[in-house]
Amino acid sequence: MPASGPRPDVLVVGGGLIGLLIARELIRGGARVEVVDDRRAGAASPNAAGMIAPIAESSTDAAFARMAITSRDLWARLAPALERESGISIDYDDTGSILPVLDEPGRKVLAGIRQQATDLGEPTAELGRTELLRLVPDLRPGIEAGLLLPGEHRVDNRLAAAAAAAALERQGVTLHRATVERVTEESAGVSAAGAGFARDAGAVVICGGAWTPAIQGLPTLPIRPVKGQMIAFDRIDWAFTGAIRTPSFYAVRRAGNRLLIGASVEHTGFDLSLTDDVGNGLASAAADLLPALRDRQPVEHWAGLRPGTPDGWPLVGQLSERLHIAAGHFRNGILLAPLTARMIAPMVLGRPAAPVVPVPAAMRPRRFGPCTR
Ligand code: GLY
């Protein structure tokens, strides 16, 4: 059934955190916006870890890290604004990430990471065992040092997405529940349609995560699902409320004494099955560093699908006159969401809204060659 009411200036297809923040940014720029989302199982936003970690979690590419740092800075201002606009607390934490020194080769790797952070103007600190134990009393014996990256943040991504949606609804934005199966660009706008849904808009922004290439009417886009399984433990009562990163896993705190452990990287298509080997592997890697976990059962085990691209950079920008895309953020969707919104809004609006952040060539959606569909 066609949605009713005057057509929006922009329809955002995909109501994950990226789509919601783009909608927010467009509204701030004066546009009338609607969002359509199908609450797909395995969508990345609700299943991510919520790390806002430009050094520890993003790539070693300095250009990418600079983007990530800019987005982290946007997050620090966005978090209180989202809470104010929605009335929902999003468990935003700016304590930092700890990278423990596990062995001699690891010490060298961490020295390199420390240098990279310093080169990017990011603060670092070395922690000795006493300080490490004060922060993370469950650390195993033998861990004598660690690198603290105090500029790294984290957020409860589920709460952040709920807050972004609630803030939009408070402003009267319509959030449709439907799957968009095709988009058709016409001379004066774009129509989006799927089972039981049809809507015309002045422009469309596609934020469909791993499912983006399934939308008919788009050029061929090399976005593929990359599954990540995670587990969570409860009863964590450390003073440290940030994230811990090792070469084999990350551990991210949540309010309410929870600790998330992630994540696998599996190229198994649209598969959300939970496997004991991965769940047990994560639990055992975590217990190796944090022996108190050895006797506990995870309270949750889940999987999400990251939207991967061949070069690890997202696709952000214009596909045609009225059709835009922000997808393919792979491991860094939560981190890069505010920056993506800031980048794409002026392109869609056709005028600067907030200070413009130009889209780097590395994110251009057509960089993989001619689009054929
Ligand atoms: N950013 C965390 C992950 O993709 O596993």
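Residues numbered from 1 in each chain as written. Predicted model: local features only at pLDDT ≥ 70, side-chain atom pairs only at ≥ 80, totals over all residues. Heavy atoms only, no water.

A word on the overall build of the protein chain
So, step 1. Counting its regular elements, the protein chain contains eight helices and 19 strands.
So, step 2. For 373 residues, the compact-globule estimate of 2.2 N^0.38 gives 21 Å, and the protein chain sits close to it at 21 Å.
So, step 3. Burial status across the protein chain gives 55% buried among its 373 residues.
So, step 4. Considering only contacts in the protein chain between residues 6 or more positions apart, those separated by 24 or more positions represent 73%.
So, step 5. When the accessible area of the protein chain is evaluated, it comes to approximately 15,200 Å², of which 53% is carbon and sulfur surface. (Helix = DSSP H or I, 4+ residues; strand = E, 2+ residues; numbered from the N terminus. Rg over C-alpha atoms; globule rule 2.2 N^0.38 Å. Buried < 20%, exposed > 50% of the residue type's maximum accessible area, 1.4 Å probe, protein only. Contact = heavy atoms within 4.5 Å. Areas by Shrake-Rupley, 256 points an atom, 1.4 Å probe, with all protein chains shown as cover.)

Quick notes on the sheet that holds strand β9 (residues 182-185)
Sheet strands line up and pair through hydrogen bonds in the backbone, either parallel or antiparallel.
So, step 1. In spatial order, the strands read β9-β10-β11; together these three strands make up an open sheet with antiparallel pairing. Looking along the sheet, the strands with just one partner apiece sit at the ends: β9 and β11 (197-201). The mean angle between the axes of side-by-side strands here comes to 15°, regardless of whether they run parallel or antiparallel.
So, step 2. Note: β9 against strand β10 (residues 190-194), four bridges, orientation antiparallel. When the sheet's bridge partners are listed, Val183 is paired in β10 with Ala192. (Pairing = 2+ DSSP bridges. Axes fitted to C-alpha atoms, helices over the stretch in contact; angles between N-to-C directions.)

Observations regarding the packing of aromatic side chains
So, step 1. One pass over the structure, following the stated rule, counts three aromatic pairs.
So, step 2. Relative to Trp313, the ring of Phe64 has its centre 4.9 Å away and its plane inclined at 80°; by these criteria the two rings are edge-to-face. Here Phe64 is found in helix α3 (residues 62-86), whereas its partner Trp313 is found in the loop between β17 (300-308) and β18 (315-320), with 249 residues between them in sequence.
So, step 3. Judged by relative accessible area, which is 4%, Phe64 ranks as buried.
So, step 4. On the numbers, 5.6 Å between centres and 40° between planes, the contact of Trp211 with Phe270 is tilted. Residue Trp211 is found in the loop between β12 (203-206) and β13 (224-233), and its partner Phe270 is found in the loop between β16 (258-262) and α7 (276-289); the two are separated by 59 residues along the sequence.
So, step 5. By relative accessible area, Trp211 is classed as buried at 15%.
So, step 6. The lysine or arginine in question, Arg158, covers the ring of Trp302, its NZ or CZ lying 5.3 Å from the ring centre. (Phe/Tyr/Trp six-rings, centres within 6.5 Å; stacked < 30°, edge-to-face > 60°. Lys NZ or Arg CZ within 6 Å of the ring centre and 35° of its normal.)

Quick notes on the pattern of salt bridges
So, step 1. As enumerated under the stated definition, the model contains 23 salt bridges in all.
So, step 2. When the shortest N-O distance is used, the salt bridge between Arg40 and Asp38 registers 3.1 Å. (Salt bridge = Lys/Arg side-chain N within 4 Å of Asp/Glu carboxyl O.)

Let's talk about the sheet that holds strand β14 (residues 243-245)
So, step 1. Spatial strand order, β5-β6-β4-β14-β15-β16-β13-β17: eight strands in an open sheet with mixed pairing. Two strands in the sheet have a free side with no partner beyond their single neighbour: β5 (125-128) and β17. Averaged over all adjacent pairs, the angle separating strand axes in this sheet is 25°, with direction ignored.
So, step 2. Across two bridges, strand β4 (residues 97-100) lies against β14 in parallel orientation. In the sheet register, Ile98 faces β14, and the bridge partner there is Ile244.

What to know about the pairing of strand β15 (residues 250-254)
So, step 1. Among the five residues of β15, five are classified as buried, and the element is accordingly described as predominantly covered.
So, step 2. Direction of pairing for β14 relative to β15: antiparallel, over a ladder of three bridges. In the strand pairing of β15, Arg245 is matched with Tyr250.
So, step 3. With antiparallel pairing between neighbouring strands as the criterion, β14 and β15 make up a hairpin whose turn holds four residues.
So, step 4. One ladder, built from five bridges, connects β15 with β16; its direction is antiparallel. Residue pairing in the sheet places Tyr250 in a bridge with Gly262 of β16.
So, step 5. Hairpin remark: β15 followed by β16, antiparallel, with three residues in the connecting loop; positive phi at Gly256, about 80°.

Section: the site of the ligand
So, step 1. Residues in contact with the ligand, as listed here, are Met51, Glu57, Tyr250, Ala263, Arg306 and Arg331.
So, step 2. Tyr250 has a polar side-chain atom sitting 2.6 Å from an oxygen atom of the ligand.
So, step 3. Protein contacts shield 89% of the accessible area of the ligand, which totals 200 Å² for the unbound molecule.
So, step 4. Of the residues assigned to the shell around the ligand, the class counts are three nonpolar, no polar and three charged. (Near = heavy atom within 4 Å. Polar contact = N/O pair within 3.5 Å; in protein donor to acceptor, adjacent residues only side chain to side chain. Nonpolar A, V, L, I, M, F, W, Y, C, P; charged D, E, K, R; others polar.)

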